[in-house]
Amino acid sequence: MRFRMGIDSGGTGGIVAQLEGADVISLGFKKNSPRDIHDWLTDIPLPSNSFCLIERVHSMPGQGIASTFKFGENYGLIQGLIIAMGIPYDFVSPNKWQTEVGTSLTAKQKESIKSEILNLEPEKQSKKEKYLRRKAIKNNAKIKAQQLFPKSKITLENADAFLILECSKKDIEGGKK
């Protein structure tokens, strides 16, 4: 039996783990300290054929210094814990896993966003468009995760981790891992 994990290493992200055929377990980062994350991970009995897929992230233009630092801190913490535990892992870009599990924006959503920002002042359009696109993608992720994991409590904060877990399953089944 395979044990796999999906990790959204953003500040409000989390870890989702599943032993093949068993219920999914999850831990969010927002309300847990690095010690809590460590303890949660080390309490899981890991079989030898474990695998972890981590979302590859980076800072973005316009992101504040403090949030960028926290973002990088989580990313490094997660990698360090996974390496220290000897769990094989790989990275997946947001674009790849979103395409793989089908949470990209639909043409109708893109059109709706364009019409909503049309009457805004030009300097406000870009920021509003970014916000609306991110919100729509997060909502798509939550809906898709609820469809794939109906027994689990899915939130906007953990939906990405559930879908990264699903993407890891596809990679494993496809013979990539």
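The structure this text deals with has already been given above.
Residues numbered from 1 in each chain as written. Predicted model: local features only at pLDDT ≥ 70, side-chain atom pairs only at ≥ 80, totals over all residues. Heavy atoms only, no water.

Engineer: When you look at the packing of aromatic side chains in this model, what are you seeing that I'm missing?
Structural biologist: Within a pair of aromatic rings, the relevant descriptors are the distance that separates the centres and the angle that separates the planes. The tally for this structure, following the rule as stated, stands at 3 aromatic pairs. The structure contains a cluster of three or more aromatic residues connected by ring pairs, namely Tyr75, Tyr89 and Phe91. (Phe/Tyr/Trp six-rings, centres within 6.5 Å; stacked < 30°, edge-to-face > 60°.)

Engineer: Where do I start with the sheet that holds strand S5 (residues 89-92) in this structure?
Structural biologist: Remark on secondary structure: sheet strands pair via backbone hydrogen bonds, oriented parallel or antiparallel. Spatial ordering of the open sheet is given by S3-S2-S1-S4-S5, a layout of 5 strands whose pairing is mixed. Since the sheet does not close on itself, it has two edges, and those belong to strand S3 (24-28) and S5, each with one partner. Within this sheet the neighbouring strands show an average axis-to-axis angle of 15°, counted without direction. Where strand S1 (residues 3-8) and strand S4 (residues 50-55) come together, 5 bridges link them in parallel fashion. Each bridged residue has a counterpart across the sheet, and for phenylalanine 3 the counterpart in S4 is serine 50. Packed on one face of the sheet, helix H1 (residues 34-42) meets S1, strand S2 (14-19) and S3 and runs near 165° to S3. (Pairing = 2+ DSSP bridges. Helix = DSSP H or I, 4+ residues; strand = E, 2+ residues; numbered from the N terminus. Axes fitted to C-alpha atoms, helices over the stretch in contact; angles between N-to-C directions. Contact = heavy atoms within 4.5 Å.)

Engineer: Even after reading the chapter, I still don't get helix H5 (residues 122-148), so can you show me in this structure?
Structural biologist: Quick reminder: α-helices carry 3.6 residues per turn. Residues three or four places apart thus point the same way. Under the 1.5 Å per step criterion, the end-to-end length of H5 is 39 Å for 27 residues, consistent within 8% with the ideal 39 Å. Among the residues making up H5, those that are buried are Leu132, Ala136, Lys138, Asn140, Ala141 and Ala145. (Expected span 1.5 Å × (residues − 1). Buried < 20%, exposed > 50% of the residue type's maximum accessible area, 1.4 Å probe, protein only.)

Engineer: I tried to follow the pattern of salt bridges on my own but got confused; where do I start?
Structural biologist: For side chains of opposite charge, pairing can occur when their charged atoms come near one another. As enumerated under the stated definition, the model contains 3 salt bridges in all. Between arginine 35 and aspartate 39 there is a salt bridge, with the nearest N and O atoms lying 3.6 Å from each other. With arginine 35 and aspartate 39 both in helix H1, this residue pair falls 4 residues apart, about one helical turn. A relative accessible area of 30% places aspartate 39 in the partly exposed class. (Salt bridge = Lys/Arg side-chain N within 4 Å of Asp/Glu carboxyl O.)

Engineer: Please explain the pairing of S3 as it appears in this structure.
Structural biologist: Every other side chain in a regular strand lies on the same face of the sheet, so the side chains alternate between the two faces. As paired strands, S2 and S3 are joined by 5 bridges and run antiparallel to one another. By the bridge assignment, glycine 14 is partnered in S3 with glycine 28. Counting the residues between successive antiparallel strands, the hairpin from S2 to S3 contains 4 residues, one of them, glycine 21, with a positive phi of roughly 85°.

Engineer: Would you explain the packing of helix H4 (residues 107-117) against H5 in this entry?
Structural biologist: A pair of packed helices can be characterised by two numbers: the angle between their axes and the separation between those axes. H5 packs onto H4 with a crossing angle of 150° between their chain directions and a minimal axis gap of 10 Å. When the axes of H4 and H5 are compared, the pair comes out roughly antiparallel. The element H4 and its partner H5 pack so that their crossing is right-handed. Residues Gln109, Lys110, Ile113, Glu116 and Ile117 of H4 touch H5, and the partners they reach there are Gln125, Lys128, Glu129, Leu132, Arg133, Ala136 and Asn140. When grouped by side-chain class, the residues that make up the contact of H4 with H5 number 4 nonpolar, 3 polar and 5 charged. (Parallel < 35°, antiparallel > 145°, perpendicular 65-115°, else oblique. Left-handed = near helix turned anticlockwise from the far one by under 90°. Nonpolar A, V, L, I, M, F, W, Y, C, P; charged D, E, K, R; others polar.)

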